[in-house]
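# Chain and residue survey
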Amino acid sequence: MTMDDRHTRTRTFTQFPLWLALVGAFVEVLLLYVEKHRDALMLLSGSFVWMTPLALLTVIAVVVAVCALVARLWRHTTVTWISVFVPSSLVALNLLILIPGVSHFAAALLAAGVAVQLTRAVVRQAEAAGRLIQRSTFPIAVAFMAFGAFQWWTSRPDAASLVVNRATPRPPNVLLITLDTVRAANLSVYGYARQTTPQIERFSKQGVVFAEALSTAPWTLPSHASMFTGHWPHELSTDHETPLDDAFPTLAEYLRDRGYATAGFVANLKYVGAGSGLSRGFARYEDYSPSIGEVASSSTLVRTIADNFRLRRLIQNDEHLNRITADELNTRALGWMGAQSDAPFFAFLNYFDAHEPYLPPPPFDRQFGPGRAHGRHSPLHHWLWNPAVRHRPFDDADRQEEIDAYDGGLAHLDAAVGRLLDRLDQQGILANTLVVITSDHGEEFGEHGVYEHGYSLYRPSVHVPLIVIPPRGADGGAPVSISTPVSLRDLAATVVDMVGLGEGAPFPGYSLAGLWRDSGGATAAMTSSPLLTTVTPSPGQPDWFPSSKGDMKALVHQGMRYIRNGDGREELYDFAADRWERINLAASPDRQQALADARAALDRALTRDK
């Protein structure tokens, strides 16, 4: 064999893995595209067309570089064989993982078998492999670009959603902030002993604090959908696998059509991302970011390895690869809001920093305790999702570690919200902006046996903050606190009323502004309005979870909170006296009339006209 032949073979052995990665990435992109269209809630950036191949090609390029270095130090045919086999195995594994029902172990064995055959073919027919690489690389690259252009064209915003009709006189701006997974019980603005929310408390003195606000659902998508449409979850399309449809108009659509510039900046990528249906009516909607973590998450292989629980426990880090921080969200939103001078704006911000696995940055990670016991490892994260430890008994030390970390996350989030509002104030924007600060749902820490959210309707998972800060000079004399229980379902009606666009609005419910504008008819109407919360079973959860028994429904009625479980079991709690819902009064002889009244009220709420 001549020297030129050796160089040709060596070049082929180097180029083949990269070519195979390109081919594999193209196939992966096509499969992901199909899956994304089948599952709108799939956690996948819209930029996956370039992120996915970039991630895989980077991994394979690193492997090829390492093999080339080893080959320089140890010239042996084994090294040549390995330099083709290892990357071929990874490319094959990357695709096999996408096949439903195939275990990772089986996929690894199959990938090794495919790689053995590919390696033998390339080693035996290096020249033919080289010709194949030369002839097909350019067409594959062109196909990639063509598909990328197609994907961009079909997913671009509808031009109709960008039309802005100017309205005069100019109404106030609207800033809706949802603090994902924030329960009212752990906020100092609601009386919590730890100073978790000093900044929000500072701004709350300029507005109205609702002491008893309840979300319509204990998890993200149906709760946000209710806020945006004014409809109860059981009237909407949303569930764990179905996004919000276009059956009802959204707040963003309504404000857009009346002259508002609209934009959403969200950090909950699955249930508030563009695929959730909540983006309807927003001319600009930012969810995923072009970060290193997002590129890594776009690769099936990298994501699978990074999400391995054994690896995460070993490196003591349970953080999401592509978490969007509060500071990043602030930067995006402030840039957009500061540029809106021609029309009032509606900005929607969804923060995710308080969501499990509760990993606040320093110094907040040790603000309320010694910090995580093992780096950035969260026992709760593994309790929820790791099959090896899932739902084992949680001891008091682990529980307290989670609460300390959660409270640190709240303090971190509070500081970020404070910086956002201070900056808007400095720019002169806040004075003419209606600000609403709330949460989509709360969080549970074992008060009723379960943790996190979405698995029950107990108060810790549905009692949320609600703070409304009117534009300066509007609704003067508003009380500091309102004790009347209210539902987030009424947010859409409240917002349009407060910006002077309530006449003819399509949103059901009542404007909460009536509770401080007058104490007569508005209060009577609000107290007669149902305070309904519902949840459907969460897929894949154990039978002993409350929501696993079937649809759960709850209602506040005449000072009592009534819960009907999926198996028909009833619970009744004194709403004012039993805030943690520890004493079930459903069997008490002196509460049977209250139980019957609440039962009838729930039936009426579920059957009333939409």
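Now for a description of the structure that goes with this document. Please read all numbers here as calculations on a predicted model, not as lab measurements.

### A word on the environment of Ser-297
Along the chain, the position of Ser-297 falls in helix 9 (residues 292-297). Residue Ser-297 is classed as buried on the basis of its relative accessible area, which comes to 8%. Through-space distance from the C-alpha of Ser-297 to that of Gln-427 is 36 Å; in sequence the pair is 130 residues apart.

### A short note on the packing of helix 12 (residues 326-338) against helix 14 (residues 396-426)
Between helix 12 and helix 14, the shortest axis-to-axis distance is 10 Å and the interhelical angle comes to 15°. Compared by their axis directions, helix 12 and helix 14 come out roughly parallel. The chirality of how helix 12 crosses helix 14 is right-handed. Here Ala-326, Asp-327, Asn-330, Leu-334 and Met-337 of helix 12 come into contact with helix 14, specifically with His-412, Leu-413, Ala-416, Arg-419, Leu-420, Arg-423 and Leu-424.

### Regarding the nonpolar core
Ranked by size, the top nonpolar core spans 56 residues in total, and within it Leu-175, Met-337, Leu-349, Tyr-351, Leu-420 and Leu-421 carry the most contacts. Here the element with the most residues in this core is helix 14; it accounts for 10 residues. With near-sequence residues (within four places) excluded, Leu-349 lies in contact with Leu-175, Leu-176, Ile-177, Thr-178, Phe-265, Leu-329, Asn-330, Ala-333 and Leu-420.

### Some details on empty space enclosed by the protein
Taken as a whole, this structure holds 1 cavity of 30 Å³ or more when the rule is applied. Of the pockets and cavities examined, the largest cavity occupies roughly 40 Å³. Contributing to the lining of the largest cavity are Leu-179, Val-182, Leu-187, Thr-197, Ile-200, Leu-410, Leu-413 and Asp-414. Looking at the lining of the largest cavity element by element, the count peaks at 3 residues for helix 14.

### Considerations on the packing of aromatic side chains
Any aromatic ring pair is given by two values, namely how distant the centres are and how the planes are angled relative to each other. What the rule picks out here adds up to 24 aromatic pairs. Taking 4.7 Å as the distance between ring centres and 80° as the angle between the ring planes, the aromatic pair formed by Trp-544 and Phe-545 counts as edge-to-face. You can call Trp-544 partly exposed: its relative accessible area is 42%. Phe-545 sits in the buried class, given a relative accessible area of 0%. One aromatic cluster in this structure is built from Trp-383, Phe-394, Tyr-451, Tyr-455, Trp-544 and Phe-545. One cation-aromatic arrangement involves Lys-270 over Tyr-271; the distance from NZ or CZ to the ring centre is 5.4 Å. Directly above the aromatic system of Phe-575 lies the positively charged group of Arg-459, at a separation of 3.9 Å from the ring centroid.

Cut-offs applied
Residues numbered from 1 in each chain as written. Predicted model: local features only at pLDDT ≥ 70, side-chain atom pairs only at ≥ 80, totals over all residues. Heavy atoms only, no water. Helix = DSSP H or I, 4+ residues; strand = E, 2+ residues; numbered from the N terminus. Buried < 20%, exposed > 50% of the residue type's maximum accessible area, 1.4 Å probe, protein only. Axes fitted to C-alpha atoms, helices over the stretch in contact; angles between N-to-C directions. Parallel < 35°, antiparallel > 145°, perpendicular 65-115°, else oblique. Left-handed = near helix turned anticlockwise from the far one by under 90°. Contact = heavy atoms within 4.5 Å. Core = buried A, V, L, I, M, F, W, Y, C linked by side-chain atoms within 4.5 Å. 1 Å grid on protein atoms, 1.4 Å probe; cavity = no way out; pocket = protein on both sides within 12 Å on 5 of 7 lines; lining within 4 Å. Points joined across faces, edges and corners; volume = space filled by probe spheres on them. Phe/Tyr/Trp six-rings, centres within 6.5 Å; stacked < 30°, edge-to-face > 60°. Lys NZ or Arg CZ within 6 Å of the ring centre and 35° of its normal.

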